[in-house]
Structure formats: structure tokens, C-alpha cells
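For reference, the chains in residue letters:
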Amino acid sequence: MTDYKKIPEYKDLDSIQFYEEIVPRQQPVVIRNFCAHWPLVNAAKISAQELATYLLRFYSGKKASILLGHPDIKGRFFYTDDMEGLNYIKGEERLDLFLGRLLHFMHKEIYPAISIQNVLLSDVLPGLVNENRSDFFSDVEPRLWLGNKASISTHYDGSDNLACVVAGRRRFTLFAPEQVGNLYPGSLNFTPAGAPVSLVNLHAPDFDRYPLFKTALDNAWSTELYPGDAIFIPMLWWHHVDSLEKVNGLMNYWWNGSAAKNGIIPTPLDSLNIAIMAMRNLSPAQRKAWRAMFDHYLFKEGVDPVSYIPEHCLHVLGDISHQTEREMKDYFIEKLKQ
């Protein structure tokens, strides 16, 4: 069994400490009992039926996105063996019907993997957030995720993320951004759930095919969360998530990134795709030269150009108006169309 690093834990953490100390460090932390006072969590602790009853008090009648996988996938939503497609189907379903299926499968030995994902509470469960609120996120709308036992492949988010377990247990295994080369990430554009995923099965790694994954495991972090616990996962930290019970629920907050309200367009991932297309035919020496340019202007390794260029000449390197930003984006979009 892998001897994972332990993620630092907090029990009493206020929003000021969170935003001024924790978030700037961009290191994961666990916050025990973060949302233990929520009625949603208390309902789930009573029973799965009580959880469903509580949720349906707020149900608007709208459908939500659902994933359905054959029992043979053993809860691992992933590619097909030939990587030509996905090993599950995706559709939409009413929340009340989904919860009925979830409760029904609790009593089965063999059952499909089902998950309802990324539910916007204001749309599907208006009023739920009013009874289950965090003063950490007054302006961020949370998302709800429900399902049975499942294994979500190692992936990253383009925003900072606070994930709150509201039902069941979840095991999180995390890898720092610099482990990307050891994780063997797959396609940027054809993915099981939107973000690129590691092609390595965490629970049955093929070290002959993916030998560098051993290094990733040597540097992995892990924790198990219970109802009421939360975990802060910084932007671009890779995370594998195991839902360990027949009924699991999670509510999360994304902010400060591409998944945030009014997130920047193009996103950093869009920019990565554009850079790959623009530089794919350059020689190794030319790519190395451009790396130096990116390091100087974007990552600001060494002398910060803002420190020696007159302010009125900074343009995109400095503060620009929303109008100028919009005009520049429109210009590049038009260039891409040509």
C-alpha cells in the first residue's frame, strides 16, 4: 500500500485566515467540520432517505446532467479500452427520479455507476443554499454532486476549489502541478469530464507502460473526508476522488479562475491550446527561445519588465481598461478566424 503524505488539517479556521494565509500559499488543506452545521449534512447523517427528502423540498423540477456506467466499469468513469469513446453514457434526468434510482441501487449487490454532476443550486434547487451557507463565499454559487460508489480519474481544475463532503465518504489523492509529466495526462480536448485526466489507473497502475508514475506516487498526498469536512484544492493541483459509499454527496465552490463567475476568456487552457498550435512546428531550439520569452514576460522570472518600462508604455503588461482588453481579445479572435 502506498504511503501517502498527509494533508495538513485545520478545525477552526475563519475566512480572513483562509484568504490571507491559506489561499496565497496554494497548498492543499483539510478543514474538519467546515460544514457540519448544515441541515443538508445533518439530514444525510440520519439516512440516505432523509437526504433525498430534504433535497426534494427545494426541487424546481428541472433536469440535471447525469452519468450512467455499466456495472463492469466498477465505478471508474473513463475512456473505452481503445480510447475511441467513453465507457459511460451522459444525459439529463429529473432529480427526483435520479434520487429514486440511487436509493434503489443501495440494496443491490450489482448495480450501475450513476452520478449527477455540477448542479447549479439556483437553477435546480433554489433555496437550498439559504439554509446551507458559508460566510467564506458570499458571492460564489456552489455546485452539487451526487452519486454512488465511483472513481474519478486524476484531473485538475482551472480554479481554486473548496469541496465540502455532505454525504458518505470521499478519499482524495492529490498531486502537485509539477508532477504533470509523471501523471501521463491524456488529450487536452477529448476528455471524460471536461478537464484532461491522467491515463494511469491509480488503483491498478501499469508501471511498465507508465514508469514515471512511481515518482508521482512517491510525492502524492491523500486524505479521507467525512460528512461536514472540506478540502481546499488549489488551482492546477491534480486530484483523484473516490466516492466510497453507495450514496455520496459533495458541494463545492470554484472561484478565482476559469470556472469562476465572470471568469477570464480566453481561459489559461485556451491559451495553452493556442500556444501549442502556434509553436508546434518550431524546432527544439526555437521553442527553447520562446520559453525564455514566456519566462520573462509571463512568469516574470528575473527582472520584472514592469519595473523598468515607463508606465504609459506598458500596455498589456500593465493595467488596461476593460474596453482595451475587449478590443484586444476581439482582435486575436478575428486573427484566429483567418
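Residues numbered from 1 in each chain as written. Predicted model: local features only at pLDDT ≥ 70, side-chain atom pairs only at ≥ 80, totals over all residues. Heavy atoms only, no water.

Caption draft 1: Layout of the overall build of the chain. Counting its regular elements, the chain contains eleven helices and 15 strands. In terms of overall dimensions, the chain is globule-like: its C-alpha atoms have a radius of gyration of 22 Å, near the 20 Å expected for 338 residues. Along the first, second and third principal axes, the C-alpha set of the chain runs to 65 × 50 × 45 Å. In the chain, buried positions account for 42% of the 338 residues. Contacts spanning at least 24 positions in sequence make up 78% of the contacts within the chain whose residues lie at least 6 apart. Only carbon and sulfur atoms are counted for the fraction: they give 54% of the accessible area of the chain, which is about 18,800 Å². The positive charge centre, built from 34 side chains, and the negative charge centre, built from 40, are 5 Å apart in the chain. (Helix = DSSP H or I, 4+ residues; strand = E, 2+ residues; numbered from the N terminus. Rg over C-alpha atoms; globule rule 2.2 N^0.38 Å. Buried < 20%, exposed > 50% of the residue type's maximum accessible area, 1.4 Å probe, protein only. Contact = heavy atoms within 4.5 Å. Areas by Shrake-Rupley, 256 points an atom, 1.4 Å probe, with all protein chains shown as cover. Lys, Arg positive; Asp, Glu negative; His and termini not counted. Charge placed at Lys NZ, Arg CZ, Asp CG, Glu CD.)

Caption draft 2: Representation of the pairing of strand β14 (residues 238-243) within the structure. The buried count for β14 comes to six of six residues, which makes it a mostly enclosed element. Of the two faces of β14, both are covered, the one formed by Trp 238, His 240 and Asp 242 as well as the one formed by His 239, Val 241 and Ser 243. Summarising the sheet, strand β9 (residues 150-155) and β14 pair through four bridges and their orientation is antiparallel. For Ile 152, the partnering residue across the bridge sits in β14 and is Val 241. (Pairing = 2+ DSSP bridges.)

Caption draft 3: Molecular detail of the packing of aromatic side chains. Within the structure shown, the criterion is met by 20 aromatic pairs. Above the plane of the ring of Phe 78 lies Arg 76, whose end atom (NZ or CZ) is 3.8 Å from the centre. Directly above the aromatic system of Phe 207 lies the positively charged group of Lys 214, at a separation of 5.3 Å from the ring centroid. (Phe/Tyr/Trp six-rings, centres within 6.5 Å; stacked < 30°, edge-to-face > 60°. Lys NZ or Arg CZ within 6 Å of the ring centre and 35° of its normal.)

Caption draft 4: Up close: the sheet that holds β14. Across the sheet, six strands lie side by side as β1-β12-β11-β14-β9-β5; this open sheet has mixed pairing. In this open sheet, the two edge strands, each paired with only one partner strand, are β1 (5-6) and β5 (76-77).

Caption draft 5: Region of the structure containing the packing of helix α3 (residues 48-56) against helix α4 (residues 95-105). Relative to each other, α3 and α4 sit at 180 degrees, their axes nearing to 10 Å. Classed by the angle they form, the pair α3 and α4 counts as roughly antiparallel. Side by side, α3 and α4 meet where Ala 48, Gln 49, Ala 52, Leu 55 and Leu 56 of the first sit next to Asp 96, Leu 99 and Leu 103 of the second. Within the contact of α3 with α4, the residues separate by chemical class into six nonpolar, one polar and one charged. (Axes fitted to C-alpha atoms, helices over the stretch in contact; angles between N-to-C directions. Parallel < 35°, antiparallel > 145°, perpendicular 65-115°, else oblique. Nonpolar A, V, L, I, M, F, W, Y, C, P; charged D, E, K, R; others polar.)

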